[in-house]
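Read off the chains here:
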Amino acid sequence: VSAPSSLIAQSVSEDEYLTKAFVLLKENPPSEPTEAQNKLIIQVKNEIEKSASQRKFYKPSEEIAGQIGETGFPLIVELLRNPDSWARALAARTLFMLDRPRSITFLIGQLFDDGRFDWMNDVGDYKVSTQAAGLLGESFQGARVFTTPVREAAKPHASPREPARV
């Protein structure tokens, strides 16, 4: 999974990244939730807001996240615009659980979010951006790294480079 190249630029501010992510969501909306899914989505959104106001960690169970899936994205993603950094952080984790590929562009936008939230009460400088980076890293955990030069990758005779000798 990779972010669209239009989102990877050197001089784009946080607001522009998130704006582009919201535009992409409008252009490619998820399916509409069923009535049962909608009830779960509202429940999860309320739990995020409640936990944020109480400064407590929250994430939905894997079962609930699986039942909601991509359909919960439009309602939960709006919490990324919440002025409370706890709500933004908890929403990001939830979005990641609901639909990893769709969450990538929003997590990129959150890499610039310096809002603090110390959900473990012992981590000194934990920020929304720190969590976003961790979730992005988790997205690619176990990804295979190829050492074949990009220019040679399409050639049938291409082979991985030998490790550099120091």
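Just so we're clear, the structure is a prediction, and the values are computed from it rather than from any experiment.

J.: Explanation requested: the overall build of the chain in the structure shown.
T.: The helix and strand inventory of the chain stands at seven helices and zero strands. In the chain, the order of α-helices and β-strands from amino to carboxyl end is α-α-α-α-α-α-α. A buried classification covers 40% of the 166 residues belonging to the chain. Counted over contacts in the chain with a minimum sequence separation of 6, partners at least 24 positions apart contribute 66%. With an accessible surface of roughly 10,400 Å², the chain has 52% of that area assigned to carbon and sulfur atoms.

J.: Please explain the side chain of Ser85 as it appears in this structure.
T.: Mapped onto the elements, Ser85 comes out in helix H5 (residues 85-98). We classify Ser85 as buried; its relative accessible area is 11%. Not counting the four nearest positions on each side in its chain, Ser85 is found in contact with Gly115, Arg116, Phe117 and Val128.

J.: Help me understand helix H6 (residues 100-110), please; the structure alone is not making it clear to me.
T.: Three or four residues apart is the spacing at which side chains of an α-helix point the same way, because the helix has 3.6 residues per turn. By the criterion of burial, H6 is predominantly enclosed, with nine of the 11 residues buried. Of the residues making up H6, those classed as buried are Arg102, Ser103, Ile104, Thr105, Phe106, Leu107, Ile108, Gly109 and Gln110.

J.: How should I be thinking about unusual backbone geometry in this particular structure?
T.: Trans peptide bonds make up the majority, and among non-glycine residues the majority have a negative phi. The phi torsion at Arg55 lies on the positive side, around 55°, for a residue other than glycine. Residue position: Arg55 is located in the loop between helix H2 (35-54) and helix H3 (62-68).

J.: Explanation requested: the side chain of Thr94 in the structure shown.
T.: By secondary structure assignment, the location of Thr94 is in helix H5. According to the relative accessible area criterion, Thr94 is buried, its value standing at 0%. When sequence neighbours within four positions are dropped, the list of residues in contact with Thr94 reads Val44, Ile48, Tyr58, Pro60 and Ile76.

J.: Help me understand the pattern of salt bridges in this model?
T.: Oppositely charged side chains are able to pair whenever their charged atoms sit close together. According to the stated counting rule, one finds eight salt bridges in the structure shown. For the salt bridge of Arg88 with Asp113, the shortest nitrogen-to-oxygen distance reads 2.6 Å. Of this pair, Arg88 sits in helix H5 while Asp113 sits in the loop between H6 and helix H7 (128-139); the two residues are 25 residues apart in sequence, bridging distant segments of the chain. Since its relative accessible area comes to 12%, Arg88 is described here as buried. Looking at Asp113, the relative accessible area reads 5%, which means it is buried. Here Asp99 ties to Arg102 by a salt bridge, and the two come within 2.9 Å at their closest N and O atoms. The network of salt bridges with common partners includes Glu70, Asp99 and Arg102.

J.: Before we go on, may I ask you to explain the packing of H2 against H5 in this structure?
T.: The packing of two helices is summarised by the inter-axis angle and the distance between the axes. One can describe the packing of H2 onto H5 by two numbers: an axis separation of 8 Å at closest approach and a directional angle of 140°. Here H2 and H5 pass one another in a crossing that is right-handed. Along its contact with H2, which presents Val44, Ile48, Ser51 and Ala52, the element H5 presents Trp86, Ala87, Leu90, Ala91 and Thr94. Considering only residue class, the contact of H2 with H5 consists of seven nonpolar, two polar and no charged.

J.: What's the story with the confidence of the model for the chain in this structure? I'm lost.
T.: Caution applies to low-pLDDT regions: their predicted coordinates should not be interpreted in detail. Per-chain confidence: the chain averages 80 in pLDDT, with 72% of residues scoring 70 or above. Taken element by element, the chain is modelled with least confidence in helix H1 (residues 14-27), mean pLDDT 86, and with most confidence in H2, mean pLDDT 96. Overall, residues 1-13 carries pLDDT values under 50, and its contacts beyond four positions in sequence, including any with other chains, amount to 19 contacts. This stretch, residues 145-151, has a pLDDT under 50; its non-local contacts, to residues over four places away or in other chains, come to eight contacts.

The rules we used
- Counting restarts for each chain, with residues numbered from 1 along the sequence as it is written.
- Only residues with pLDDT of at least 70 get local features here, since the model is predicted, and only at 80 or more are side-chain atom pairs given and counted; chain-wide, interface and lining totals rely on the full set of residues.
- For the side-chain quantities, the full set of heavy atoms in the structure was used; hydrogens and water were omitted.
- Elements are defined by DSSP. Helices are runs of H or I of four residues or more, strands are runs of E of two residues or more, and each kind is numbered from the N terminus.
- Between buried and exposed lies partly exposed: a residue is buried under 20% and exposed over 50% of the maximum accessible area for its type, with that area taken using a 1.4 Å probe on protein chains only.
- Pairs of residues are marked as contacts when any of their non-hydrogen atoms sit within 4.5 Å.
- Reported accessibility uses the Shrake-Rupley method at a 1.4 Å probe radius. Residues are deemed covered only where the shown protein chains occlude them.
- The working definition used for a salt bridge is a side-chain nitrogen of Lys or Arg within 4 Å of a carboxyl oxygen of Asp or Glu.
- In this analysis, axes come from line fits to C-alpha atoms, helices being fitted only over the stretch in contact, and the angle between any two N-to-C directions falls in the range 0 to 180 degrees.
- Handedness of a helix crossing follows the sense of rotation of the near helix relative to the far helix, less than a right angle counterclockwise being left-handed and clockwise being right-handed.
- Here the term charged refers only to Asp, Glu, Lys and Arg, the term nonpolar to Ala, Val, Leu, Ile, Met, Phe, Trp, Tyr, Cys and Pro, and the term polar to all other amino acids, Gly among them.
- Per residue, pLDDT measures the predictor's confidence, with a range of 0 to 100.

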